[in-house]
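Chain residues, written in single-letter form:
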Amino acid sequence: MSFMMSLTPGIPSSSSSSSPSAPSSPPLSSPPASLPVRTIPGTYGWPLLGPISDRLDYFWFQGPETFFKKRTDKYKSTVYRTNVPPSFPLFLNVNPNVVAVLDCKSFSYLFDMDLVEKKNILVGDFMPSVSFTGGLRTCAYLDSTEPQHAKIKNFAMDILKRSSKVWVPELTANLSTMFDTIEAEVSKDGSASYLIPLQKFIFNFLTKCLVGADTASSPKIAESGYAMLDRWLALQLLPTVKIGLLQPLEEILLHSFAYPSFLVSGDYNKLFQFVKEQGKEVVKRGETEFGLSQEEVIHNLLFVLGFNGFGGFSVFLPTLISTIASDTTGLQDKIVKEVREKAGSTLTLDSVKNLPLVQSVVYETLRCNPPVPLQFARARKDFQLSSHDSVFDIKKGELLCGYQPQVMKDEKVFDEPETFQPDRFLKNQELLNYLYWSNGPQTGSPSQYNKQCAGKDTVPLTASLFVAYVFQRYDSITGTATSITALEKAK
Ligand code: HEM
């Protein structure tokens, strides 16, 4: 961590000249004069052959982690040119060329909305068809300069603010249901596979909090709403993610073409009708207070619920559970002590303030396993970008691609970056400046002027409450990312 204090903090330099609340930290656009200017190393290879070879390395021969690491070692640089999937043969109008940015300093340029734009590049140059979202480009695909972005982002943040009253009671009620199910299965079979109860919990809880709709009012949605979202998400993301099935089948069947939305449109329409009927109050507010059409409100609600919230928590919570439930260093005893002494008998949003170790564990899990691994941004203009040791010329229109799992292991920022240190953020809060899971630093503020996750504070808060709930109820839990094998009730 020795170099950390000399880094430019990873806070967006500014948003746009029209942003009254733009943060005023030093601009990233003027790199320190002492660093040498270097040509960006790396190559896109021969047309068609370069992209296909990189794609096979990425998905098959190396996997994303080794893919980025090997090239960093080869070029002795955390900034280089490469191709990322999807590509040839059936993604003809997708340009796979990117400039990878793989340390905390170069990655933070992705947050500088004066320098980069984020139009249609949530998952790279490839964009899933808008027919998955009713023909609309939802918030996450809009650049911060597009007028609809401000309206929808403000709506999303308003939803979170208003739902704060019901957030904790809904969370604990739904957690009770989930752990009753898991507990019964563990005592019957000796272990419980928890992914389905967990996804049902996330779906019911978020639907109530974000949409104001009770899934109990529709047995079909209550029973299979989570699975409908899984299918909808899978079809949009398949071309870009490694599943780990038998290769080369995965390459041929999953990574070679985009799946059509009609395969899930029946499910999506059911969810649409459910939100329209059961989420009337929230939908109306989106129309009257934020100037959105009814269609815009509902498709964006479904995106925030399904893609951002449900998708994000479905990836994050299993890693959190597995990290804690497989620990053998005595971490659970320390958490039990903190939770029992300081959380209070009834959990509230304020309880978390008294749980610094729990919060640090949550942050450290987000650092070691950022749930959304890839982030993209396109240069709005020519500018100079610096890594820790060099400066590079970026041309207008070039696509920057950050791979968070490597960036969050930046040894110039994080001591022993490969090691999970539960109290890392408790000992040094300064490090929150470099925790980027939300597409911005944990010390930043999501707003209409940037593209930071609207749930930047809500997500770690919810995860901390989740941990507090577990250790109010249990003295210890044992398990993995998919199953719980033992639960010892609180004595
Ligand atoms: C563990 C859960 C979550 C994770 C990991 C997560 C992660 C992210 C990330 C990485 C982005 C930026 C994507 C990009 O532009 O590259 C994002 C955007 C966004 N997230 Fe989250 N998110 C989570 C939960 C939530 C929740 C609960 C909400 C509810 C309001 C939310 C609302 C949003 C919105 C509205 C955006 C788009 C921001 C914009 O366009 O300016 N997210 N999220």
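Residues numbered from 1 in each chain as written. Predicted model: local features only at pLDDT ≥ 70, side-chain atom pairs only at ≥ 80, totals over all residues. Heavy atoms only, no water.

What follows covers the coordination of the iron atom of the ligand. Inspection of the coordination sphere of the iron atom of the ligand shows a single protein donor, C453 (SG), at 2.3 Å. Inspection of the secondary structure assignment puts C453 in the loop between helix 15 (424-427) and helix 16 (458-473). (Donors = N, O, S within 2.8 Å, 3.2 Å for Na, K, Ca; no water. Helix = DSSP H or I, 4+ residues; strand = E, 2+ residues; numbered from the N terminus.)

F201, I335 and F466 are the most contacted members of the largest nonpolar core, which has 121 residues in total. Looking at this core, the element that brings in the most residues is helix 11 (residues 294-325), giving 15 residues. Not counting chain neighbours up to four residues away, the residues in contact with F466 comprise L171, L175, M178, F179, L198, F201, L317 and I321. (Core = buried A, V, L, I, M, F, W, Y, C linked by side-chain atoms within 4.5 Å. Buried < 20%, exposed > 50% of the residue type's maximum accessible area, 1.4 Å probe, protein only. Contact = heavy atoms within 4.5 Å.)

Moving on: the site of the ligand. Not every one of the 26 residues close to the ligand is listed here, only the nearest: K118, H149, K153, K451 and C453. Contacts to the ligand include K118, whose side-chain N or O atom sits 3.0 Å from an oxygen atom. Elements supplying a minimum of two residues to the shell around the ligand: helix 4 (147-162) and helix 11. A total of six residues in the shell around the ligand trace back to one element, the largest contributor, which is helix 11. Residues that form the shell around the ligand fall into these classes: 14 nonpolar, nine polar and three charged. (Near = heavy atom within 4 Å. Polar contact = N/O pair within 3.5 Å; in protein donor to acceptor, adjacent residues only side chain to side chain. Nonpolar A, V, L, I, M, F, W, Y, C, P; charged D, E, K, R; others polar.)

To continue, consider the UniProt feature "binding site: heme" (unreviewed entry) in the chain. Mapped onto this numbering, the UniProt entry gives "binding site: heme" (unreviewed entry) at C453. Setting aside residues no more than four positions away along its own chain, C453 makes contact with W437, S438 and P446. (UniProt positions renumbered as here; feature names shortened; annotations may be inferred.)

For helix 9 (residues 262-278), with 17 residues, the first-to-last C-alpha span of 24 Å sits near the 24 Å given by 1.5 Å per residue. Within the span of helix 9, buried status applies to V264, D267, Y268, L271, F272, F274 and V275. The elements touched by buried residues of helix 9 are helix 6 (195-211), helix 7 (219-237), helix 10 (280-290) and helix 11. (Expected span 1.5 Å × (residues − 1).)

Let's shift gears to the sheet that holds strand 9 (residues 474-479). The antiparallel open sheet is built from three strands, whose spatial order is 4-10-9. Each edge of the open sheet carries a strand with a single partner, namely strand 4 (192-193) and strand 9. (Pairing = 2+ DSSP bridges.)

Of note, D410 is situated in the loop between helix 14 (404-407) and helix 15. Put simply, D410 is tucked away with no salt bridge, and the nearest opposite charge, on K412, sits 6.2 Å away. At 2.8 Å, the side chain of D410 and the backbone nitrogen of C104 are in polar contact. Sequence-distant contacts of D410, that is, excluding residues within four places in its chain, are made with D103, C104, H388 and P417. (Lys, Arg positive; Asp, Glu negative; His and termini not counted. Salt bridge = Lys/Arg side-chain N within 4 Å of Asp/Glu carboxyl O.)

For the rest of this paragraph, the subject is the pairing of strand 8 (residues 399-403). Summarising burial for strand 8: five of the five residues are buried, a large majority. Neither face of strand 8 is open: one carries L399, C401 and Y403, the other L400 and G402, and all of them are buried. Where strand 2 (residues 97-101) lies against strand 8, three bridges are found, and the strand directions are parallel. The residue of strand 8 that forms the bridge with V99 is L400. Inspection of the sheet shows strand 5 (residues 374-379) paired to strand 8 by five bridges, in the antiparallel sense. Bridging across to strand 8, F376 finds its partner in C401.

Looking at the chain as a whole, the pLDDT averages 91, with 92% of positions reaching at least 70. Within the model, the stretch residues 1-29 combines pLDDT values under 50 with 67 contacts to residues more than four positions away or in other chains. (pLDDT = per-residue confidence, 0-100.)

Another point: the sheet that holds strand 3 (residues 116-117). Strand order in the open sheet formed by five strands is 1-2-8-5-3, with mixed pairing between adjacent strands. Each end of this open sheet is capped by a strand with a single partner; those strands are strand 1 (79-83) and strand 3. Judged from the two bridges that link them, strand 3 and strand 5 form a sheet pairing that is antiparallel. From the neighbouring strand, E117 faces strand 5, where its bridge partner is R378.

Turning our eyes to something else, we now look at the pattern of salt bridges. Going through the model one piece at a time under the given rule, you end up with 27 salt bridges. Note that R137 is salt-bridged to E146, the shortest N-O span being 2.8 Å. In this structure, E488 engages K491 in a salt bridge whose closest nitrogen and oxygen atoms are separated by 2.9 Å. Beyond isolated ion pairs, a larger network of salt bridges with shared partners links D158, R162, R285 and E289.

Attention shifts here to the packing of aromatic side chains. Scanning all chains against the criterion turns up 24 aromatic pairs. Residues Y58 and F68 carry aromatic rings whose centres are separated by 6.1 Å and whose planes lie at 90 degrees to one another, so their mutual orientation is edge-to-face. Of the two residues, Y58 is situated in helix 1 (residues 49-61) and F68 in helix 2 (residues 63-75); the sequence distance between them amounts to 10 residues. Side by side, Y58 and F68 carry an identical accessibility label, which is buried. Taken together, the ring pairs in this structure connect W167, F179, F201, F205, F466, Y469 and Y474 into an aromatic cluster. Over the aromatic face of F67 sits the side chain of R71, whose NZ or CZ is 3.8 Å from the ring centroid. A cation sits over an aromatic face here: R367 above F414, 5.1 Å from the ring centre. (Phe/Tyr/Trp six-rings, centres within 6.5 Å; stacked < 30°, edge-to-face > 60°. Lys NZ or Arg CZ within 6 Å of the ring centre and 35° of its normal.)

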